[in-house]
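Listed below, chain by chain, are the residues.
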Amino acid sequence: MNTPINRQLILSAYAHDLPGDEHFSLRETVIPVPEDGQVLVKVVLLSMDPAPRMRMSGAIGGMPQLPLDTVMIGRGIGRVIESRHAQIPVGAAVMGELGWQEYACIAGDGLRVLDLSLGALPEHLGVLGNSGLAAYFAVRQGQVNAGETLVLNAAAGSVGSAAGQIARLHGARVIGIAGGDVQMRYLRDALGFDAAVDYQAADFPAQLAAVLPDGVDVFLDLVGGDTHDAVMRHLNVHARIVLIGTISNYNLAAGETDRGPRHLLTWINKRVRLSGFLVGDYAAEFPNAMRQLAAWLHDGSVKSRLTMFDGLTSCPQAFRALFGSQSVGKVLVMVEDSPHA
């Protein structure tokens, strides 16, 4: 009788730039048996998110280093095939920190049982997942009003693209910053943003200034770095800045610290309100927000785009795509085909 095997991608070397295939190893191990309070999940989809990058080259911004020879971390969705948790039945679709592997044995208390009546499995990692929830609550935290100008960077990604669409539903004028022709077309043609600016262009500051004749009222910042600096020149009095992420810092080498603020006088003179953002602060409101996001998805008010990669071993390639200019929307890896996906 063949012993069931679990394939895993482990972090085998630290990366000081974008990680390549050489930083991971494929490991085969016996599928674990769940203990009390645990469930065994067959992984179907894995979400590619930028934040784990900070844990792959040393401690950055207080994030602990991921130990070598451990399963690469990552959020995913799967089906429960064995359960020793009273509230999670066999067959349930669940989401949690499953890691880059085909089977995950995990504490049931760390999983969310999905309501598939709201949308298909992939959407629960996109607009109906943390990406859409972050977009929804970041727009609220920025107190976006009709007639205001909102700017966001990483605008073609899963959080930025959803946030821009939600802000437009609030009546805001939305300016997206992204990179390359693919992402420019996505923002302008597919999502209908009021303007899109390519940060890779040699005349990026001039292009940005041209689309901001009335300045910036709200800035949802997912990147930091040079694009942050460029937007600071156009802030209006009483502008609101919501700090969601610092992607420009995610590829710092071990020992480097994140780049600090350089615009204190601007913030003082403009009486800017600056706030950090963590989507988990709004966890109590997730059910209502998901219902609203699902309604917008179903009526077409918010559009979703998925960039899909196939197979567990494609995870490194998919992860690198997050930081490139060819992918748009939510980047996912299909670990196993599922009729629900």
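This text follows the structure it describes.
Reading guide: rules and limits
Residues numbered from 1 in each chain as written. Predicted model: local features only at pLDDT ≥ 70, side-chain atom pairs only at ≥ 80, totals over all residues. Heavy atoms only, no water. Pairing = 2+ DSSP bridges. Helix = DSSP H or I, 4+ residues; strand = E, 2+ residues; numbered from the N terminus. Axes fitted to C-alpha atoms, helices over the stretch in contact; angles between N-to-C directions. Contact = heavy atoms within 4.5 Å. Buried < 20%, exposed > 50% of the residue type's maximum accessible area, 1.4 Å probe, protein only. Expected span 1.5 Å × (residues − 1).

## Re the sheet that holds strand S10 (residues 173–178)
- Reading across from one edge, S11-S10-S9-S12-S13-S14 is the order of the 6 strands in this open sheet, with parallel pairing throughout. Edge strands, defined here as strands with exactly one partner in the open sheet, are strand S11 (195–198) and strand S14 (273–276). Taking the axes of each pair of neighbouring strands and ignoring which way they run, one obtains an average angle of 15° across the sheet.
- Alignment of S10 against S11, held across 4 bridges, turns out to be parallel. Its bridge partner being in S11, Ile175 is matched across the sheet by Ala195.
- Packed onto the sheet, helix H2 (residues 158–169) meets strand S9 (149–153), S10 and strand S12 (216–221) and runs at close to 175° relative to S9.
- Each of S9, S10, S12 and strand S13 (235–243) is contacted by helix H5 (residues 225–232), which is oriented at about 170° to S12, the strand it contacts most.

## Section: unusual backbone geometry
- Positive phi, normally seen in glycine, also occurs at Asp69, with a value near 65°.
- Locating Asp69 in the fold gives a position in the loop between strand S3 (38–47) and strand S4 (70–71).
- Note on Asp69: relative accessible area 49%, which makes it partly exposed.
- Of note, Gln143 is a non-glycine position whose phi angle comes to about 50°, a positive value.
- Considering the arrangement of structural elements, one finds Gln143 in the loop between helix H1 (130–141) and S9.
- The exposure class of Gln143 is partly exposed, given its relative accessible area of 47%.

## Remarks on H2
- If you check H2, its first and last C-alpha atoms are 17 Å apart, about what 12 residues at 1.5 Å a residue would give, namely 16 Å.
- Taken as a whole, H2 has its buried residues at Ser158, Val159, Gly160, Ser161, Ala162, Ala163, Gly164, Gln165, Ile166 and Ala167.
- Just downstream of H2 lies Gly171, where phi reads positive at about 90°.

## Regarding the sheet that holds strand S1 (residues 5–11)
- Taking strand neighbours across the sheet as the criterion, the 3 strands line up as S2-S1-S4 in an open arrangement whose pairing is antiparallel. Among the strands making up the open sheet, the edge pair consists of strand S2 (24–30) and S4.
- Summarising the sheet, S1 and S2 pair through 7 bridges and their orientation is antiparallel. Counted as the bridge partner of Asn6 is Thr29 from S2.

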